Amino acid sequence: QKGMSLTAAGMTVLRYAQTILGNVERLQAEMRRHTDGVEGNIRVYANSSTLSSLPGALSRFLAAYPNVNVNLEEHLSEETVKAVLDGRADVGLVAGAIEMRGLEYISYGQDELVFIVPPRHPLTLHPRVSLETALSHDLVAIGRKTSNFLYLQQMAEQMGLEPRVRVHAPNFDAVLRCVQEGAGISLVPRSVAAPALAQGKVECVQIEESWAVREQRVVMRSQDALPGYAQAFVSYVTQADPAPDGD
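Predicted model, so just to flag it, every value in this text is computed and none were measured.

What counts, and where the lines are drawn
- Residues numbered from 1 in each chain as written.
- Predicted model: local features only at pLDDT ≥ 70, side-chain atom pairs only at ≥ 80, totals over all residues.
- Heavy atoms only, no water.
- Helix = DSSP H or I, 4+ residues; strand = E, 2+ residues; numbered from the N terminus.
- Buried < 20%, exposed > 50% of the residue type's maximum accessible area, 1.4 Å probe, protein only.
- Contact = heavy atoms within 4.5 Å.
- Areas by Shrake-Rupley, 256 points an atom, 1.4 Å probe, with all protein chains shown as cover.
- Expected span 1.5 Å × (residues − 1).
- Salt bridge = Lys/Arg side-chain N within 4 Å of Asp/Glu carboxyl O.
- Core = buried A, V, L, I, M, F, W, Y, C linked by side-chain atoms within 4.5 Å.
- Phe/Tyr/Trp six-rings, centres within 6.5 Å; stacked < 30°, edge-to-face > 60°.

Student: What's the story with the overall build of the chain in this structure? I'm lost.
Tutor: Scanning the chain from terminus to terminus reveals 9 helices and 10 strands. Per-residue burial for the chain yields a buried fraction of 43% across its 247 residues. Residue pairs at least 24 apart in sequence account for 76% of intrachain contacts in the chain once pairs closer than 6 positions are excluded. Accessible surface for the chain amounts to roughly 13400 Å². Of this, 51% is attributable to carbon and sulfur atoms.

Listed below in structure tokens is the structure:
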């Protein structure tokens, strides 16, 4: 029996059909949410740096909009931009010098990636170190699939380096504890390490490379095209204080 293959025209029709079916499925899901008493759903992609500063704004938004759900996924910033462009995410939270590819964005903060080290570690003799120098030491990393580790791996690969990871901890609290106990050093957002640094549990070493200091931005295809509750979410993240309007 002979197989069949689609022509170029057929492939075009297939792509449009898949898009239409996807839109129908999303419409059905939204209608089910209305009948279940849920007003809306916001699909948000974010990287580890922006996630670390998100809980306050997110909790205030959820309290103010009890009938709106937020589906939050962690991804690298480049993947987040693609997801917003493709319609897989409504809003993206990104950090670093990445191409926005025509998306609208709002800058709302800045964070710095630093290496945290045990107290009196040899790296603390230097105010800043290169990534190459830091990676000559054993590492404690967060999970293999997290944007934090994937970003570190990406930067290391560009220099032909391989991180010497002793353990992948399940979260940043576990990472900080492992570093505190001398298991290795770790690359984390400064905001994550701030409480442990203030308590003297770990020390901080800055990175020489410019990519370590990263601007944080909210990205979307069109802010005006977002539902009112999604616009409110953007406002909460960018530290405005909107009142619920029932949109």
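So, next bit.
Student: Can you walk me through unusual backbone geometry in this structure?
Tutor: Glycine aside, the phi torsion of most residues is negative, and most peptide linkages are trans. For arginine 101, which is not a glycine, the phi torsion comes out positive at approximately 55 degrees. The residue arginine 101 is located in the loop between β3 (91-95) and β4 (104-117) in this model. By relative accessible area, which is 46% here, arginine 101 ends up partly exposed. Residues other than glycine seldom take positive phi values, yet arginine 120 does so here, at roughly 65 degrees.

Student: So what exactly am I meant to see when it comes to helix α6 (residues 147-158) here?
Tutor: Side chains of residues three or four places apart in an α-helix project in the same direction, reflecting 3.6 residues per turn. Taking 1.5 Å of rise per residue, 12 residues should cover 16 Å, and α6 covers 16 Å from first to last C-alpha, within 8% of that figure. Where α6 is concerned, the buried positions are Ser147, Asn148, Phe149, Tyr151, Leu152, Met155 and Ala156. Just past α6, the residue glycine 160 takes up positive phi, approximately 70 degrees.

Student: Please explain the pattern of salt bridges as it appears in this structure.
Tutor: All chains considered together, the criterion is met by 6 salt bridges. Across the salt bridge formed by aspartate 90 and arginine 43, the nearest N and O atoms sit 2.8 Å from each other. Of this pair, aspartate 90 sits in the loop between α4 (77-86) and β3 while arginine 43 sits in strand β1 (residues 40-46), and the two are 47 residues apart along the sequence. Residue arginine 88 pairs with aspartate 86 through a salt bridge whose shortest N-O separation is 3.3 Å. Given a relative accessible area of 54%, aspartate 86 falls into the exposed group. Through salt bridges with shared partners, a single ionic network connects Glu79, Asp86 and Arg88.

Student: How should I be thinking about the nonpolar core in this particular structure?
Tutor: Looking at soluble globular proteins, one finds that nonpolar side chains tend to be buried together. One finds Ile42, Phe61, Val91, Leu93, Val218 and Phe233 to be the most contacted residues of the largest nonpolar core, which totals 22 residues. Looking at this core, the elements with two or more residues in it are β1, α3 (55-64), β2 (68-74), β3, β10 (213-220) and α9 (228-237). The dominant element in this core, judged by the number of residues it contributes, is α9, at 7 residues. Once you skip the residues sitting within four places of it in the chain, phenylalanine 61 turns out to touch Ile42, Val68, Val70, Tyr229, Ala232, Phe233 and Tyr236. Residues Leu113, Ala134, Ile185 and Leu187 belong to the second largest nonpolar core, which totals 20 residues.

Student: Would you take a moment to explain the packing of aromatic side chains for this structure?
Tutor: The geometry of an aromatic ring pair is captured by the separation of the ring centres together with the interplanar angle, meaning the angle of the planes. Overall, the coordinates contain 5 aromatic pairs when judged by the stated rule. Judged by centre distance (5.4 Å) and plane angle (80 degrees), the ring pair of phenylalanine 61 and phenylalanine 233 falls under edge-to-face. A residue pair is termed long-range when its members are at least 10 positions apart, and phenylalanine 61 in helix α3 and phenylalanine 233 in helix α9 qualify at 172 residues. When sorted by exposure, phenylalanine 61 lands in the same class as phenylalanine 233, which is buried. On the basis of an interplanar angle of 75 degrees and a centroid distance of 5.8 Å, the ring pair of phenylalanine 61 and tyrosine 236 is categorised as edge-to-face. One end of the pair, phenylalanine 61, is in helix α3; the other, tyrosine 236, is in helix α9, and 175 residues separate them in sequence. Just as phenylalanine 61 is buried, tyrosine 236 falls in that class too.

Such coordinate-based values are descriptive only and should not be taken to indicate function.
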